[in-house]
Amino acid sequence: MSTPTLDDHLWAELKAAGQVPAPPEQVLLHTRAALRRAATTETLRRDVVRLRGRRRLLARTAIGVAAAAAVVATVGIVDLGGTPTPSAAAASVLTRAAAELEALPPPGPGQYLTVRTVTVRKDAAGSAAAANEVTETWLPTMDTPGMERVTPSPGAAEDALLLPLSRSSESGGELGILYATHPSDPARLLSALRRLARAEGDGASDGTANVWQTAFGVVSDNSAPLDLKSDVLRAVARLDGVAIVARSVEVGDRRGEAVGLVDSPHATWLVFDKTSHDYLGVVGHPETGGTWTMTTTYGVADGAPWTRRLERQGQLYDAPVPSS
Amino acid sequence: MASDGELVARSVSEPRIFEELVILHGPRVHAYLARRAPAAADDLSSEVWLVAYEHRSRYDPELGVVVGWLFGIARNVLLAHYRRERGHQHQRLPAWQEESHDDWAQVDARLDAAQTAPELRAALQALSADDREVLLLVAWEQLSPSEAARVLDIPAGTARSRLHRARASFASSLSSSRAERLQPAHLVSHLAPHPRDTPLEDS
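Residues numbered from 1 in each chain as written. Chains lettered and ligands numbered in written order. Predicted model: local features only at pLDDT ≥ 70, side-chain atom pairs only at ≥ 80, totals over all residues.

Let's talk about unusual backbone geometry
Here His277(A), not a glycine, exhibits a phi torsion of approximately 70 degrees, which is positive. On the secondary structure map, His277(A) appears in the loop between strand 7 (269-272) and strand 8 (279-284). Residues other than glycine seldom take positive phi values, yet Asp153(B) does so here, at roughly 60 degrees. Tracing the backbone through its elements, the reader meets Asp153(B) in the loop between helix 9 (145-152) and helix 10 (156-181). (Helix = DSSP H or I, 4+ residues; strand = E, 2+ residues; numbered from the N terminus.)

And the structure:
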């Protein structure tokens, strides 16, 4: 007796049984946007975080001072003020900035908190590079999903992506835990940031530079709630080595004083308005030269544009669609 | 146009490039998940791509093509999903399902909803989970046996053997059940050996 085999008819029937509908367009857009965020974060972090295992003597040596001075020159500092300001001054700046964030007018019911970040990269000669990016986020007050629009640099082949917001609070692991349960006590929150810094990847440590970069990640995260950001600012005010590193620095079209790590010339700087104490944005200093800045603007909107009701897995939700 | 392998390699230094792989293979990966966990496919699909992105520097082209690597990640994400689901169910599953690499109940429910012939579902269920997995990777995901082997992290020869066994067993079950239901003679008579089913040596 011969062995039965799968003839073409049965094979076609089996293949037909595997047919499923094409994925909703929003699913792939969502995935692409998540990857784009991850890529942007990785690029920025790669530029500034190569501090692991580095000796912290850099700024204390003549070479280190020269390197720091070169970085300072590229970001338009007009007054460094000589030796770094003691960390008590930085703590004061961070604490006041935290209070300002908390004092932002809250959106009313049905309104959205809007967060707009503009990332600009410049080469060592000060020319703006092609990797600029605008991210606009609408965080809802009601039980509706947020939205996000990511626009690459003008002229880029990629289109802007409009999609439901993916929140870091929905992440797993230490990041999700931090967002979901963050303690307001600065010491406990600093411990949580250290845990998150340790958990970030191969060889990650809870050293000062990593904790600082982790804090930068939260403060510059559009989806992070404002109370978490303000608490993080208060927490890192306790971090050794945090100091005012520049009295006047350009970030986008604004100018403010910068807080960073005194002995890490490539660490990210957080920039604050000297008068209003508003958080303005971030300046990064790649080891490869040049700078990047990320400015942040908060606002309140009555509604999120480009929405429509879509059904996904039996539930209705607001989804962005391109304006035409 | 850059190959998949070139895209992965370049994305290590130029992370944005990885997004192109989603455009190229996103629907296939989503379909794989939708066939096996329909309700969770949207979320799992995103998870697969983020895991792949995170591990892209570990991709080794000598171990197979990018598609096989991606489906391997998708399979791991799917298995983790099944484990979570079973944990949530707080109930003891039948032994065959405890040890299974798939969750046949979910696959079968989808087939049932799609009004797939009952005897075809029964023929698939009768296969061992290992054999069924290879068969469906080839039939549904259009992978070659070698690519399926990459997904399952088994030797290519093993995948071919399983495929051969699965095809024969599936054909036998399906034909028998239909032969019983209809007029058996003319249906069984044309089930001759097929050259495609010949086991090949390990390459």
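Okay, back to it.
Quick look at the confidence of the model for chain B
All names here are of chain B. Across chain B, the average pLDDT comes to 82, with 80% of residues at or above 70. The spread of mean pLDDT over the elements of chain B runs between helix 5 (residues 95-98), the lowest at 44, and helix 8 (residues 129-139), the highest at 94. Here residues 184-203 is a poorly scored stretch, pLDDT under 50, and it has 35 contacts once near neighbours within four places are set aside; other chains count. Under the prediction, the complex receives an ipTM of 0.79, its pTM being 0.54. (pLDDT = per-residue confidence, 0-100. Contact = placed C-beta atoms within 7 Å.)

A word on the nonpolar core
With 59 residues, the main nonpolar core has Leu33(B), Leu70(B), Ala74(B), Leu135(B) and Ala148(B) as its most contacted residues. Among the elements that make up this core, the one with the highest residue count is helix 4 (residues 66-89) of chain B (9 residues). Contacts of Leu135(B), omitting those with residues within four sequence positions, involve Leu127(B), Leu163(B), Ala166(B), Arg167(B) and Phe170(B). Of all hydrophobic cores here, the second largest spans 53 residues; its members include Ala91(A), Leu189(A), Ala215(A) and Val271(A). (Core = buried A, V, L, I, M, F, W, Y, C linked by C-beta atoms within 7 Å. Buried ≥ 20, exposed ≤ 12 C-beta atoms within 10 Å, placed from the backbone.)

Observations regarding helix 6 (residues 186-198) of chain A
With 13 residues, helix 6 of chain A ought to run about 18 Å at 1.5 Å a step, and its terminal C-alpha atoms sit 18 Å apart, in line with that. Those residues of helix 6 of chain A lying buried are Leu189(A), Leu190(A), Ala192(A), Leu193(A), Arg194(A), Leu196(A) and Ala197(A). (Expected span 1.5 Å × (residues − 1).)

What about the pairing of strand 9 (residues 291-301) of chain A?
Residues and elements named next belong to chain A. The pairing of strand 1 (residues 112-122) with strand 9 spans 11 bridges and is antiparallel. Within strand 9, the position partnered with threonine 117 by the bridge is threonine 296. Of the strand pairs in this sheet, strand 8 and strand 9 are connected by 4 bridges, and their pairing is antiparallel. Counted as the bridge partner of valine 283 is threonine 293 from strand 9. Hairpin connection of strand 8 to strand 9: 6 residues between the antiparallel strands, including glycine 289 at a positive phi of 100 degrees. (Pairing = 2+ DSSP bridges.)

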